[in-house]
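Architecture at a glance
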Amino acid sequence: MSALVSHRSFAIAAATAFLAACAVGPDYRAPEGPTASAYTEKPQPGQTEAAPVRGGEAQSFEPGAEISAEWWKLFGSPGLDQLMQTALAGHPTLDAAQAALRQAEENLNAQYSVLYPSVDAGLSARRQRISGATFGNPSIPPTVFNLYNASVNVTYAIDVAGGARRELEALEAGVDFQRFQVEATYLALTANIATTAFREASLREQIRATREILALQERGVQLVEKQFAIGAVSRADVLAQLAPLAATRANVPPLEKALAETRNQLAVLVGKFPGEAGLPELDLAAFRLPQTLPVSLPSDLVRQRPDIRAAETMLQQTNARIGVAQALMFPQLTLSGSYGSAAIGSASLFDPGTQIWNIGANLLQPIFHAGELQARKRGAVAAYEQAFAQYRQTVLGAFQNVADALHALEFDAATLKAQAQAEAAARESLEVTQKQFEFGSTNYLTLLLAQRQYQQARIGVVQAQAARYADTAALFQALGGGWWRRGEAVREAPPTVAN
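Now for a description of the structure that goes with this document.

1. What to know about the pairing of strand β3 (residues 143–158)
- Here 13 bridges tie strand β2 (residues 118–130) to β3, and the two strands are oriented antiparallel to one another. By the bridge assignment, I130 is partnered in β3 with T143.

See below:
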């Protein structure tokens, strides 16, 4: 008989282990990679056009090359490096993302307890009164007594259908989601700092160019006033020259306002109060344009973009939740037991004969829940379908980001080349017209037109230069920013000679 009991116990244990190894619901399978072999409809040129100005160097694209995790160092600006270092030392958005990751990790650690029995110790004392009617004999007089109890209770919910393990799988995916959210926050912060820094440098250069034009116009006004003094021109001619001078002066305050707001924004981006930031003043001349740009292969982009990886973890999480919902339809098996002592006096609580114990099992099989369990499963399937659609949209958006950045760099180079040519022509025209005006061989209207053309061309060059820097940073961001290589050495681009 003992051998039969032994074999029966072994069979029960083996069956329990087998059931525990199975988990209902679909196993997760990563989605297939995109079939696209290129980012743009037409092949990109091997390199962009070049312009004979600072920031006008030709940029070449290197398919499949690795991206540096500290890509901003390729711009060769100590000021930009300082801003990044300050921000990454403890920006609130990074701290918040890190805290969310720790929360997800601790929630996962807490959920691991479902795989093990829970053990609790209890100690109770109570005073109570019972009557004989409690035992079906009212003639027994009531009794008042104290009851002391000390026990250890063990409960173990056997994960028969694997619902608990599917929930663990979902929580593990949630941890991965928060981990990629940290990387996405890191990437967005560094990209925003870079583009804001370029905007500050552009505004400062626009203010400088506007003041140069202002100085030329003031010189023109002085010449007109001299001509008026000798009767060569009328007072109306002087007033006509003063009007564009005032208009140019009116352009300076809005630019200075935009510069102040940009510096305030930059201070907040690095985690400082605007009044206490002490930011370096950035100029376009301090930046170097990276000439060799890595371009990830389309098949690699889905593994490099933190937003795509985060969307995939949501896909895995919702897939696991289908199993959680399905497991609710299966039997729920719980084993329990306790061992302790009960006595009517605290001094005799652990005396011989006071021991009590119990052991038991509870099996619960859902039978009728008015369609609730099926509805929960259908809802979980719908959540997975939603996550899959959002994943596909994220991938499409990522490819669009890269395509936009590549096109922007191509056309930025062409724009800067055209603006540089326009500026050179406008400068030469202004110099000639200025000399002609000084000698009286041309009128002030011609001079005014030359000044306006040069002002527009000069501002256009500055804006085109800043656009090249900003869109280069946008390409690094669109390709994922190289977060998977953090800690490796930065491959510095060779310095270039500015024209």
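2. Some words on a nonpolar patch on the surface
- Judged by side-chain polarity, Y112, L115 and Y116 come together as a nonpolar surface patch covering roughly 290 Å² of accessible area.
- Tracing the sequence through the fold places Y112 in the loop between α3 (92–111) and β2.
- Assessed through its relative accessible area of 31%, Y112 is described here as partly exposed.

3. Quick look at the nonpolar core
- Core analysis: the biggest nonpolar cluster contains 53 residues, and L80, I193, F198 and F287 have the highest contact counts within it.
- Counting residues in hydrophobic clusters, the runner-up holds 11 residues, among them I213, L430, L447 and A457.

4. Looking at α3
- For α3, with 20 residues, the first-to-last C-alpha span of 29 Å sits near the 28 Å given by 1.5 Å per residue.
- Along α3, the residues classified as buried are L94, A97, L101, A104 and L108. Each buried residue of α3 sits inside an arc of 85 degrees when the element is viewed along its axis, so together they form one side. Across from the buried face of α3, at angles greater than 90 degrees, the exposed residues are P92 and Q103.

5. Looking at the packing of aromatic side chains
- The full count for this structure, using the stated rule, is 10 aromatic pairs.
- A centroid spacing of 5.7 Å and a plane angle of 80 degrees characterise the contact between W71 and W72, whose relative ring orientation is edge-to-face. Per residue, the accessibility class of W71 equals that of W72, and both read buried.
- Here W71 and F476 contribute two aromatic rings whose centre-to-centre distance is 5.6 Å and whose plane-to-plane angle is 15 degrees, an arrangement assigned as stacked. Linking W71 in the loop between β1 (60–63) and α2 (78–88) with F476 in helix α9 (residues 444–478), this pair joins segments that are 405 residues apart in sequence. F476 shares its class with W71; the two are buried.
- Ring-pair connections join several aromatic residues into one group, and the members of that group are F75, F198, F287 and Y469.

Rules of the game
- Residues numbered from 1 in each chain as written.
- Predicted model: local features only at pLDDT ≥ 70, side-chain atom pairs only at ≥ 80, totals over all residues.
- Heavy atoms only, no water.
- Pairing = 2+ DSSP bridges.
- Helix = DSSP H or I, 4+ residues; strand = E, 2+ residues; numbered from the N terminus.
- Patch = residues over 30% accessible without salt bridge, like charges linked within 9 Å, V, L, I, M, F, W, Y side chains within 5 Å.
- Areas by Shrake-Rupley, 256 points an atom, 1.4 Å probe, with all protein chains shown as cover.
- Salt bridge = Lys/Arg side-chain N within 4 Å of Asp/Glu carboxyl O.
- Buried < 20%, exposed > 50% of the residue type's maximum accessible area, 1.4 Å probe, protein only.
- Core = buried A, V, L, I, M, F, W, Y, C linked by side-chain atoms within 4.5 Å.
- Expected span 1.5 Å × (residues − 1).
- Arc of directions from axis to C-beta.
- Phe/Tyr/Trp six-rings, centres within 6.5 Å; stacked < 30°, edge-to-face > 60°.

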